[in-house]
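# Coordinate inspection notes
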Amino acid sequence: MADQGGVIGFYSPDEEPQPWKSRLELDLPEFRFEPLENVSDVHCVHYALVWNPPVGFLNQFVNLKAVFVLGAGVDSLLRDKTLPPVPIVKLSDAGMANQMAHYVAYGVLHFHRRFGEYRQFQMEQRWSPILDISSAGQFPIGVLGLGAIGSVVARQIARLGFPVLGWSNSPKQIDGVRTYVGEDDLAELLRESRVLVNLLPLTHKTENLIDRSFIKRMRPGAFLINIGRGRHVREDDLLESLEEGLLSGAMLDVFDEEPLPNESPLWRHPNLLITPHVSGITMPQIALDQIVKNIQLIEFGETPRSLVDLDRGY
Ligand code: OXD
């Protein structure tokens, strides 16, 4: 195991270090835990647990054995071209998939049952007429991205009685979900889906994917739920498509710029539901199970699970 004095370093602008420290010191007593911003000796840091570190920050830790990413997406870390040449390990779900499935279920039901319009009637103190809806079985939901999170989302939405069409880069089989792969299949999924859920990883291939021409390939009047990354969507094209009725509405958790600037017109659009990047929050206890196991594997000379594939970018 590690020589005495090895440090597990931590950096996250969003998370308090304490819950991570207590558990790591208990399970891996041969390591010390230190926040990376004020580590006593950069040479002692063997593992870095990070979320959104500044570009160039990690390359000072010359004796790193691995970097662990504390969120679902690794795109912001991979933008740093000076990363040390060590394995990058991502979390596999870590409690986020279920939360994100609930988030999507909320959005799908909101759009399907027209709750936005009922809310507006309530604001006007009007007992509205019953609004028409189709049955859940005639309201197909498309899910882009069927990885550790997307597959759970797709399965749970199918359990609510909606037909689910799932699309991924490599072929997948998921009970109750019609799966697609490849460009022709994407066209069919876009044509059919009443709600499109984006869960793709952000890579150079998927950046700005959801632009005006993409939206024009979607079913007219469809809804969008974006819990992937803000940079998947051209926000100006989204707003234009809402104005023109190409899209009926959207629920957005992620944005090109976060926090979403005060002056963004997205805040005020009546057909948008906006949340501040909360669809899936890392659960430290579950994440720590995976991190501790992976550090033990590395210390025993084995390959950690959930390695990021640098060529694919996720
Ligand atoms: C993410 C996260 O990757 O919040 O967006 O975990």
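Above this note sits the structure.
Everything numeric in this text was worked out from a predicted model, so none of it was measured.

### Regarding the site of the ligand
In the vicinity of the ligand, the contacting residues are W51, G71, A72, G73, M96, R229, H277 and G280. A72 is positioned with one of its backbone polar atoms (N or O) 2.8 Å from an oxygen atom of the ligand. Between the ligand and G73, the relevant distance is 2.6 Å, taken from an oxygen atom to a main-chain nitrogen or oxygen of the residue. For the ligand, the accessible surface in isolation is 210 Å², of which the surrounding protein chains cover 87%. Split into classes, the residues belonging to the shell around the ligand amount to three nonpolar, four polar and one charged.

### Some details on the nonpolar core
Among the nonpolar cores identified, the biggest contains 72 residues, and W20, L36, L49, L58, F68, V195 and I225 are the most heavily contacted of them. A per-element tally of this core places helix α3 (residues 96-112) first, with nine residues. Leave out the neighbours within four places in its chain, and L36 touches G9, F10, Y11, V45, A48, V50, F57, L58 and F61.

### Quick word on unusual backbone geometry
A cis geometry characterises the amide bond from E258 onward to P259, with omega recorded as -10 degrees. Along the chain, the position of P259 falls in the loop between β11 (247-252) and β12 (272-274). Although it is not a glycine, N52 sits at a positive phi angle of roughly 50 degrees. Here N52 is to be found in the loop between β3 (45-50) and β4 (66-69). On the basis of relative accessibility, which here comes to 34%, the residue N52 falls in the partly exposed class. Of note in the backbone geometry, A94 takes a positive phi value of approximately 50 degrees without being a glycine. Here A94 lies in the loop between β5 (88-89) and α3.

What counts, and where the lines are drawn
Residues numbered from 1 in each chain as written. Predicted model: local features only at pLDDT ≥ 70, side-chain atom pairs only at ≥ 80, totals over all residues. Heavy atoms only, no water. Near = heavy atom within 4 Å. Polar contact = N/O pair within 3.5 Å; in protein donor to acceptor, adjacent residues only side chain to side chain. Areas by Shrake-Rupley, 256 points an atom, 1.4 Å probe, with all protein chains shown as cover. Nonpolar A, V, L, I, M, F, W, Y, C, P; charged D, E, K, R; others polar. Core = buried A, V, L, I, M, F, W, Y, C linked by side-chain atoms within 4.5 Å. Buried < 20%, exposed > 50% of the residue type's maximum accessible area, 1.4 Å probe, protein only. Helix = DSSP H or I, 4+ residues; strand = E, 2+ residues; numbered from the N terminus. Contact = heavy atoms within 4.5 Å.

Purely geometric stuff here, so don't read any function into it on its own.
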